[in-house]
Amino acid sequence: MLSNITIGQYFPGDSVLHRMDPRAKIIATMIFIIAIFFADSLVTYSIVAAFTFGCLGLSRLPVRLVWLSIKPLWIIIVFTLAIHVFTTPGEYLFTYGWLHISREGLNLGGLMAGRLIFLIVFSSLLTYTTSPIRLTDGIERLLNPWKRFGVPAHELAMMMTIALRFIPTLLEETDRIMKAQESRGADFTTGSLLKRAKNMVPLLVPLFISAFRRADELAVAMESRCYRGGEGRTRLKELQYSQLDTYGIGAVVLVSVVLAVLRWGFGI
Amino acid sequence: MSIQLEHVTYTYGQGTPFEKTALYDVNLTIHEGEFVGIIGHTGSGKSTLVQHLNGLLHPTSGTVTVNGVDLVGKTEEVKQTRHKVGMVFQYPEHQLFEETIAKDIAFGPKNLGFDEAEVERRVREAMQFVGLDYDTYAERSPFHLSGGQMRRVAIAGVIALDPDYLILDEPSAGLDPFGREEIFGEIVKLHKEKGITVILVSHNMEDISRMANRLIVMHQGQVLLDGNPIEIFHNDREKLQSAGVDVPPLSQTLQALAERNIPVNIDRVHVNEAVADIYDYLKEVHHAK
Amino acid sequence: MKQVMISTDHMSHVYQDEMGREVHALQDVSVHIHEGEFVSIIGTNGSGKSTLAKHFNVLLQPTSGTVTILGMDTKEEHLIWNIRQNVGMVFQNPDNQIVAAIVEEDVAFGPENLGVPAPEIRSRVDAALAAVNMSDYALHGPHLLSGGQKQRIAIAGVLAMKPKCIILDEPTAMLDPKGRKEVMDTVYRLNKEEGITIVYITHFMEEAALADRIIVMKQGKVIDEGAPKDVFMNVDTLKGLGLDVPVPSEIAVRLQEQGVAMPKGITTNEELGEAICQFN
C-alpha cells in the first residue's frame, strides 16, 4: 500500500541533537562525512564508530533506527563488499573455479562497506533529528551567501517546502486513480516491462493533470496571501545559532583532526 | 444472484504502528435489483466497505462473494466476476486520460478483451445512457467539457463494462443542483431500464430517501441500521443522530410540525405531498370554525 | 452609514475561451458590500459568482467598469498588496491552498510574506488558530486532517493577515455535512464576534440563509438582491435557476399560492409551525 510509505524520516524529540541549529547540523554532517574517509585502520574506525554511536545516544533515538536507515540501501552495501572481496588480488584464502577471495579483498571490502554504513547512519541522524521544514530553512540560509552568484536559494527552499507538503497528497491520489483504473480492468502488476510501462499511461496522465491543476490553484492561493518571492519575508521561527552549535561543530572538527593526525601523523 | 459479505473485518496497515481497523465483522447481502443507499460520516467505514465489493480490498478475515464467487485470487473466473461490479469513485472525472471521449469510454471494455465491434457498440450505448450524443462528442477531448459533462463521461466509462452491480461514491459531489438532478436522473434510469443493482454512497440523506429502497447506515466500522429508508427516519431518529447523520430537511420540517400537533404525514419525501397534507388540515380547521 | 468595504461600478469581465470565442463572464455588475456585513452570493456553476469574487482579491481585473476595495481602485498596481492584506480569500479545494507541511507554519505564511516580525507572527498564529478552534492541531501535518479542519486552517491562514474582510469561494463544496457545519459555524462566529465582513459564495441554500443579504447571479448578471427571507419568496425563479429553496420557505409559498394567508418571509421550521398554528 502506497499510503504506508512515510516521507521525511523525522522523529520528533527534545534531545541535544534535536535542539541544534539545522545549519550547524548540516555543516557538522558534511565535515564528518569527509572525516570518515580519513579512517582506514581498526583504531581510526573505532573512533568513527564510537563518535557515530555516541551521537546516536545523544539523540535518544532507538538503536533499531540504524537498521532502518541501512535497510533500503543494503544492496549497494553488499555489492560494494562483493566487488572488493572478489576482485582484489592478494593472498587467496578461498578459491572456487575463477572465484578468489583474498585477505586484502576482505580488508578492503570491509573498509569500503564500513565507510558506506557510517556515512548512511550519520547522515540519517541529520534527517531523523531535524524536521523537514527546519532542514529546508537551514539549506536556504546556508545558500543565501551564494545568491549573488545566481543560486536561487529562496526558490529552491520554497520548492522543497511545497514538495514536502504535497507528497502525501499525491500518493493518496495515485492510490485512488490506480483503484479507479483497476476497476475498469487496468492491470499494473503483470506483463513484460514494456507492457507495464505502457499500462502506466492511464495512471500517469490523470496524475499529471491533477498535479498541474493543484499547482495552478496553489499559485493563485499563494498570490492571494501576498506571496511575492523571498524579498522582505520574515519567518515564524528564526534560526537561532547558540553555544550548543559551537560545541557540536567543535566536537566534529576535533574528531576529524584526531583522525587526520592519526592517519598522516602516526600512520595509523 | 447477490453480493454476500460474511464476517468481514478489515484492518489497514496490519503489523505496522499505523494499524487501524476500519470494518468489524460486517454481514450483509445485497440482492440483485435493489437500490441501496449507504450513508455514514467520514471514517465510518463506508468507503472501505464498498471497495470490498469489487475486490479492490480483500477482507483481513471473512469472505466476500459476488454471484457465488469468492473475490480472493487471480483466476479468470474471479477477474470476470470482479467486473460484474462497476465502481464510480468520488470525482470520477479525475481518472479521464484519453485523447477522445470515445477512446476513454472504450478503455474498460477493451481491457476485458472484447472485439472492436462489441467495444464500439458498448461505447455508443454507454454514451446514450448518460445523454451524450455519439456523433457530436465521440471524437472530442474529454478535457474541454464542463465539470458535469466530464463526470458523465467517467460514469459512461464504467457503464460500458456492462456491470450487474454499480457502486457510486458521492456521484453528485461538487455539482450544483442542476448537475445533481441530471446525474441522479441517469442513475435511476440505469436502475429501472437496465435493471442494474445500484449501491449509492452519499452524505445526502435527501437523495437517498428519494431513490433508494434500502438504507444502510454505517457507524464505527459496523452496520448500525439496515432497512427501508422511510421506516428508519421514522423509528430510528436518535440512532441516526448518534451516527452523525442528518435526516432530510423535509423530514426535519415535518417532524417539527408534528411536534406542534399539526397532523402531517412525516413519511412524505416530496414537498408537494407535504403541502397537500397541510392544505387539507388547514381546510378542516377552517370548516370547523 | 457604515464604511463601504467593496463596491463595483458597472463592472464587466470578458475573456476568450480556448476556441477563441468571447465569454461575457460578468456583465454590468454593480454591488456594494458594507463593513461588518455578511453577504452571500448564490448562483449555479457558470453564473459568474467565482469570477466576481476573484475581482475582490485582485486576482482578476475588470474589462470595463471599476472595482473599489476600501476606497482603493484595484487597477492601481501599487495598492494590490494592501488590498490583498485587507481582503483575504479562502478557496474551494482545501488541499490546494495549504502551502506548508505543518499547520502552524502554514498559518504563518501570510504574515511572513507581509514581513511581520517573528514574535508578532507567533502571537498572530496562536490567535488565528484559537479563533478557528484548531489550536490543538498546530503541529500536525495538514494531510492527516479532515476537509472541514483543512478549511478552518485556510481561514486561520487568512485571519493571521488581520484582514477586514474574508471572501470564501464555495468553501464547503467538497466537504461532508460535518465539515460544512464546522466551516459555517466558524464563519458565522467571525462575522458576529470579530466583526469581520464576510462574502460567502455558495450554492447551498441553508448556508446562504445565514447571511444578512443574498445576491443572486445568473449568466454574469445580478438578478436579485435582498434579505434571505425576501429572496426565498421567489421560489419558482430560484428553482428555475437550478437552486434549492429552504423547505419551510417553499411550503409557505406553495400554501400562499393555494390561497392560504401565510405571512411573508418564513425561512425556518419554527416560523412555519407558528404560522400554521395561527389558524387554530
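It should be emphasised that the depicted structure is a prediction, and the values quoted were computed from it without experimental measurement.

(A) Representation of the packing of aromatic side chains within the structure. Across all of its chains, the model carries 11 aromatic pairs over all chains by this definition. Note on Phe38 of chain A and Trp264 of chain A: the rings are 5.3 Å apart at their centroids and 75 degrees apart in plane angle, and the pair reads as edge-to-face. Highlighted residues: Phe38 of chain A in the loop between helix 2 (22–36) and helix 3 (42–59) and Trp264 of chain A in helix 11 (residues 243–265), separated in sequence by 226 residues. Ring plane angle 85 degrees and centroid distance 4.9 Å describe the contact between Phe97 of chain B and Phe107 of chain B, whose orientation is recorded as edge-to-face.

(B) View of the sheet that holds strand 10 (residues 222–227) of chain B. All names here are of chain B. Pairing in this open sheet of six strands is mixed, and the strands run 6-7-8-3-9-10 from one edge to the other. If you trace the sheet from one side to the other, it starts and ends with strand 6 (85–88) and strand 10, each paired once. The sheet shows a mean angle of 15 degrees between the axes of neighbouring strands, direction not considered. Here strand 3 (residues 35–39) runs beside strand 9 (residues 214–219); their pairing, made up of four bridges, is parallel. Residue pairing in the sheet places Ile39 in a bridge with Val217 of strand 9. Packed on one face of the sheet, helix 7 (residues 177–193) meets strand 3, strand 7 (165–169) and strand 8 (197–201) and runs near 150 degrees to strand 8.

(C) Quick peek at a nonpolar patch on the surface. Residues and elements named next belong to chain A. Taken together, the side chains of Val43, Val253, Val257, Val261, Phe266 and Ile268 make up a nonpolar region of the molecular surface, amounting to roughly 500 Å² of accessible area. Inspection of the secondary structure assignment puts Ile268 in the segment after helix 11. Residue Ile268 is classed as partly exposed on the basis of its relative accessible area of 34%.

(D) Geometry of the environment of Ala211 of chain C. Inspection of the secondary structure puts Ala211 of chain C in the loop between helix 7 (205–208) and strand 10 (213–218). Those residues in contact with Ala211 of chain C that sit more than four places away from it in its chain are Phe38, Val39, Ser40 and Pro228 of chain C.

(E) Structural context of the pairing of strand 2 (residues 99–102) of chain A. All names here are of chain A. Inspection of the sheet shows strand 1 (residues 92–96) paired to strand 2 by four bridges, in the antiparallel sense. Each residue of the ladder has a partner; that of Tyr92, found in strand 2, is Ser102. Linking two consecutive strands that pair antiparallel, namely strand 1 and strand 2, is a turn of two residues; a positive phi of about 60 degrees is found at Gly97 within it.

(F) Here's a closer look at the domain arrangement of chain C. Residue and element names in this part refer to chain C. When cut into domains, chain C gives domain 1 (1–90 + 165–178 + 191–228) and domain 2 (93–162). Placing the centre of domain 1 and that of domain 2 at their C-alpha centroids yields a distance of 23 Å. On the side of domain 2, 13 residues touch domain 1, which itself brings 11 residues to the contact. Between domain 1 and domain 2 the total buried area reaches about 940 Å² when both faces are included, carbon and sulfur atoms providing 74% of it. The largest per-residue losses of area from domain 1 upon contact with domain 2 belong to Gln85, Val90 and Leu175, which jointly make up 49% of the total buried on that side. Our count for the contact surface shared by domain 1 and domain 2 stands at zero salt bridges. Summed over the shared surface of domain 1 and domain 2, the result is three residue pairs in polar contact (both at pLDDT 80 or more). Elements with a minimum of two residues in the side of domain 1 that touches domain 2: helix 2 (80–86), strand 7 (87–90) and strand 8 (165–169). No other element matches the three residues that strand 7 contributes to the side of domain 1 that touches domain 2.

(G) View of the pattern of salt bridges. Under the counting rule described, the total for this entry stands at 50 salt bridges over all chains. The salt bridge partner of Glu140 of chain A is Arg235 of chain A, with a shortest N-O separation of 3.7 Å. Here Arg235 of chain A lies in the loop between helix 10 (201–224) and helix 11 and Glu140 of chain A lies in helix 7 (residues 132–143), a separation of 95 residues in the sequence. As far as the burial class goes, Glu140 of chain A and Arg235 of chain A line up, both buried. The salt bridge partner of Lys194 of chain B is Glu125 of chain B, with a shortest N-O separation of 3.1 Å. A residue pair is termed long-range when its members are at least 10 positions apart, and Lys194 of chain B in the loop between helix 7 and strand 8 and Glu125 of chain B in helix 4 (residues 116–129) qualify at 69 residues. Look at Lys194 of chain B and you get partly exposed, because its relative accessible area is 27%.

(H) How the structure looks around the side chain of Arg184 of chain A. Inspection of the secondary structure puts Arg184 of chain A in the loop between helix 8 (153–183) and helix 9 (193–199). Exposure remark for Arg184 of chain A: the relative accessible area of 1% places this residue in the buried category. Ignoring anything within four residues of it in the chain, the contact list for Arg184 of chain A reads Gln95, Phe97, Asp104, Phe107, Gly108, Asn111, Gly157 and Leu161 of chain B.

(I) Layout of the packing of helix 2 of chain A against helix 6 (residues 103–129) of chain A. Residue and element names in this part refer to chain A. Between helix 2 and helix 6, the least distance of the axes is 10 Å, while the angle of their chain directions is 175 degrees. Looking at the two axes, helix 2 sits roughly antiparallel to helix 6. Between helix 2 and helix 6, the residues in contact are Lys25, Ile26, Thr29, Phe32, Ile33 and Ile36 and Arg115, Phe118, Leu119, Phe122, Ser123, Leu126 and Thr129, respectively. Classifying every residue of the contact of helix 2 with helix 6 gives eight nonpolar, three polar and two charged.

The rules behind the values
- Residues numbered from 1 in each chain as written.
- Chains lettered and ligands numbered in written order.
- Predicted model: local features only at pLDDT ≥ 70, side-chain atom pairs only at ≥ 80, totals over all residues.
- Heavy atoms only, no water.
- Phe/Tyr/Trp six-rings, centres within 6.5 Å; stacked < 30°, edge-to-face > 60°.
- Helix = DSSP H or I, 4+ residues; strand = E, 2+ residues; numbered from the N terminus.
- Pairing = 2+ DSSP bridges.
- Axes fitted to C-alpha atoms, helices over the stretch in contact; angles between N-to-C directions.
- Contact = heavy atoms within 4.5 Å.
- Patch = residues over 30% accessible without salt bridge, like charges linked within 9 Å, V, L, I, M, F, W, Y side chains within 5 Å.
- Areas by Shrake-Rupley, 256 points an atom, 1.4 Å probe, with all protein chains shown as cover.
- Salt bridge = Lys/Arg side-chain N within 4 Å of Asp/Glu carboxyl O.
- Buried < 20%, exposed > 50% of the residue type's maximum accessible area, 1.4 Å probe, protein only.
- Domains from an automatic or database assignment.
- Buried area = accessible area lost by both parts, 1.4 Å probe.
- Polar contact = N/O pair within 3.5 Å; in protein donor to acceptor, adjacent residues only side chain to side chain.
- Parallel < 35°, antiparallel > 145°, perpendicular 65-115°, else oblique.
- Nonpolar A, V, L, I, M, F, W, Y, C, P; charged D, E, K, R; others polar.

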